[in-house]
Amino acid sequence: MGKGGKDGEEENMAAWLLGVNNLKIQPFKLPPLGPHDARIRMKAVGICGSDVHYLKEMKLADFVVKEPMVIGHECAGIVEQVGTEVKHLVAGDRVALEPGISCSRCGLCKEGRYNLCSEMKFFATPPIHGSLANQIVHPADLCFKLPENVSLEEGAMCEPLSVGVHACRRANVGPEKNVLVMGAGPIGLVTMLAARAFGSPRIVIVDVDDHRLLVAKELGADETIKVSTDVKDVASEVEKIRKAMGAEVDVSFDCAGFSKTMSTALGATSSGGKVCLVGMGHTEMNVPLAPAAVREVDVVGIFRYKNTWPLCIEFLRSGKIDVKPLITHRFGFNQKEVEEAFETSARGGNAIKVMFNL
């Protein structure tokens with residue numbers, strides 16, 4: 001894919017979102033290489049739930065796809081060319097890419113909370129193009145060199161893993177914090193892995209799906225609990241969680257983001273503990289805040305991540321985190337396989353992370 005450019009040059013191709021359930025591989029003209037940029041040949045790109053949501057709905061929360069957009073944001077590749085001012089990278093370096101470009105000028109950016117920048121330009125978030133392409137141009141300071149023992153697929157997994165790492169930082173997870181994870185989907189699983197790497201001694205994870213709970217157990221969860229979708233079961237399930245933990249639930253991560261999961265997290269978390277809302281299943285919820293408030297249960301949220309790539313890469317290099325078992329399906333970069341990959345991801349089932357090898 002990608003042959004046939006002018007004068008024998010390779011024509012850059014990308015997966016374009018053209019409409020609901022309409023993805024087409026078409027030419028993608030790259031912007032000029034700036035002095036602080038790098039041109040990267042993509043080698044591994046994962047499918048995120050947000051990519052599937054855009055494909056099915058052409059919108060996600062307040063972000064609406066109004067014109068054709070290149071999809072994809074979980075990615076790693078090989079440096080092809082660097083700008084004149086780039087000193088830390090050379091052609092041939094293997095890199096993982098952080099997909100968000102902040103303004104670097106606003107108060108939040110200057111405070112170090114650049115993930116909250118209102119001017120953020122983020123891969124595959126309308127109207128910004130993504131990274132499921134032969135090549136892309138990206139700021140070199142957002143391209144992180146991978147150690148020899150970390151694969152390009154693992155490099156692409158730094159993006160979802162960053163969500164878990166940022167959540168653990170926000171919730172102050174450490175060796176004295178027992179953790180509950182609501183939801184054993186891809187983000188719940190990377191949050192569990194991050195919590196363990198941060199030192200949590202005991203982790204309980206819950207989900208409605210038996211297969212996902214089996215995967216969570218294989219990945220190191222101390223206990224797994226199957227729950228229902230019925231809000232009437234919250235009280236009994238809170239008791240099951242407390243019994244399974246065998247100690248106080250110091251931190252709970254809601255990686256689903258529904259009224260029931262948040263209600264369960266609030267009820268199960270011990271007095272003085274923290275609940276971190278990671279998943280965004282519903283924008284509005286009915287939850288029992290007052291009972292949690294009088295027990296001084298703190299509720300924090302997260303939005304993406306900040307300054308996480310170096311730590312994610314170190315976790316992967318050192319073996320503290322192994323993301324390889326999360327990659328369950330692999331596809332090539334052609335029209336047929338792109339369509340099959342997104343269908344596989346959308347179906348769920350035994351698919352956790354679907355990865356393109358370009």
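What you see is a predicted model; the values in this text were computed from it and never measured.

### Side note on the nonpolar core
Step number 1: Counting residues in each nonpolar core, the largest one holds 59 residues, and the members touching the most others are Val173, Leu189, Met192, Phe253 and Leu326.
Step number 2: Counting only elements with at least two residues in this core, the list comes to α3 (152-156), α4 (158-170), β13 (179-182), α5 (186-197), β14 (203-207), α6 (210-218), β16 (251-254) and α10 (309-318).
Step number 3: The contacts of Phe253, once residues within four sequence positions are left out, are Ala167, Cys168, Ala171, Val173, Val179, Leu180, Val181, Met182, Thr191, Cys276 and Val278.
Step number 4: With 42 residues, the next largest nonpolar core counts Ala14, Ala38, Val52 and Val354 among its residues.

### Considering the confidence of the model for the protein
Step number 1: In the predicted model, the protein carries a mean pLDDT of 95, and the fraction of residues at 70 or more is 97%.
Step number 2: With pLDDT under 50 throughout, residues 1-5 is counted as low confidence; its partners more than four residues away or in other chains account for 16 contacts.

### Things to note about the packing of aromatic side chains
Step number 1: Scanning the model with the defined rule gives six aromatic pairs in all.
Step number 2: On the basis of an interplanar angle of 40 degrees and a centroid distance of 6.5 Å, the ring pair of Phe122 and Tyr305 is categorised as tilted. Residue Phe122 is found in strand β10 (residues 121-122), and its partner Tyr305 is found in the loop between β18 (298-301) and α10; the two are separated by 183 residues along the sequence.
Step number 3: Residue classification places Phe122 among the buried residues on the basis of a relative accessible area of 6%.
Step number 4: Ring geometry for Phe342 against Phe356: centres 6.2 Å apart, planes inclined by 40 degrees, an arrangement best described as tilted. Of this pair, Phe342 sits in helix α11 (residues 335-347) while Phe356 sits in strand β20 (residues 353-357), placing them 14 residues apart in sequence. Summarising the burial analysis for this pair, Phe342 and Phe356 share the class buried.
Step number 5: Members of the aromatic cluster, each reached through a chain of ring pairs, are Phe122, Phe144, Tyr305 and Trp309.
Step number 6: One Lys or Arg, Arg304, reaches over the ring of Phe122 and ends 3.8 Å from the middle of that ring.

Conventions we followed
- Residues numbered from 1 in each chain as written.
- Predicted model: local features only at pLDDT ≥ 70, side-chain atom pairs only at ≥ 80, totals over all residues.
- Heavy atoms only, no water.
- Core = buried A, V, L, I, M, F, W, Y, C linked by side-chain atoms within 4.5 Å.
- Buried < 20%, exposed > 50% of the residue type's maximum accessible area, 1.4 Å probe, protein only.
- Helix = DSSP H or I, 4+ residues; strand = E, 2+ residues; numbered from the N terminus.
- Contact = heavy atoms within 4.5 Å.
- pLDDT = per-residue confidence, 0-100.
- Phe/Tyr/Trp six-rings, centres within 6.5 Å; stacked < 30°, edge-to-face > 60°.
- Lys NZ or Arg CZ within 6 Å of the ring centre and 35° of its normal.

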